[in-house]
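Below are the chains, spelled out letter by letter.
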Amino acid sequence: MASENPAETTEEPPSGCADDLAYDVFARDCPSRDALKHVTDRWGSLTLGALLDGTFRFNELRRRVQGVSEKMLAQTLHALERDGLVHREAQQTNPPRVDYALTPLGHQVAHQLQLLIALVEDRMPQVLQARERYDARHPAG
């Protein structure tokens, strides 16, 4: 007879995830891999970092994240909104106004990402030295 106690039931891991872990980014089909990709790709990380400064309209955000195309920013915001990291609020005004802000989960993720960004920026002298050493050993051509 099956147990009726919810505390005794176990959830099946999502398809493609390791059996012993609920989510495993190293498993090919685990949905956590896509979420990590959205956070860590070039435009996702820059967008989340920018939104730590507050709420932005689309074009304000595009100016803040220099170099991102309109299409890429729209795709990035859509993915981050779908993952629950960004809140999109459309206001019925003339002209229409759409604001983007971090959700509570988005704030948690973006704060961790900000630590990584600060570490990378702080260590850039070592990165640049490493690149020079590498390039000296591996000439282009």
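Before reading further, recall that the structure is shown in the block above.
The notes below deal with the structure included here.

So, how was this worked out
Residues numbered from 1 in each chain as written. Predicted model: local features only at pLDDT ≥ 70, side-chain atom pairs only at ≥ 80, totals over all residues. Heavy atoms only, no water. Helix = DSSP H or I, 4+ residues; strand = E, 2+ residues; numbered from the N terminus. Polar contact = N/O pair within 3.5 Å; in protein donor to acceptor, adjacent residues only side chain to side chain. Contact = heavy atoms within 4.5 Å. Buried < 20%, exposed > 50% of the residue type's maximum accessible area, 1.4 Å probe, protein only.

### Quick notes on the side chain of Thr-47
At step 1: Of note, Thr-47 is situated in helix H2 (residues 42–51).
At step 2: One polar contact links the side chain of Thr-47 to the main-chain carbonyl oxygen of Trp-43, over a distance of 2.6 Å.
At step 3: In this view, Thr-47 contacts Leu-61, Val-65, Leu-73, Thr-76, Leu-77 and Leu-80; residues no more than four positions away in its chain are not counted.

### Regarding the side chain of Asp-99
At step 1: Its location among the elements puts Asp-99 in strand S3 (residues 97–102).
At step 2: On the accessibility criterion, Asp-99 (9% relative accessible area) is buried.
At step 3: Within the local environment of Asp-99, its side chain forms a polar contact with the side chain of Arg-97, the two groups lying 3.1 Å apart.
At step 4: Beyond its immediate chain neighbours, meaning those up to four positions away, Asp-99 contacts Thr-55, Phe-56, Arg-57, His-87, Arg-88, Glu-89 and Gln-91.

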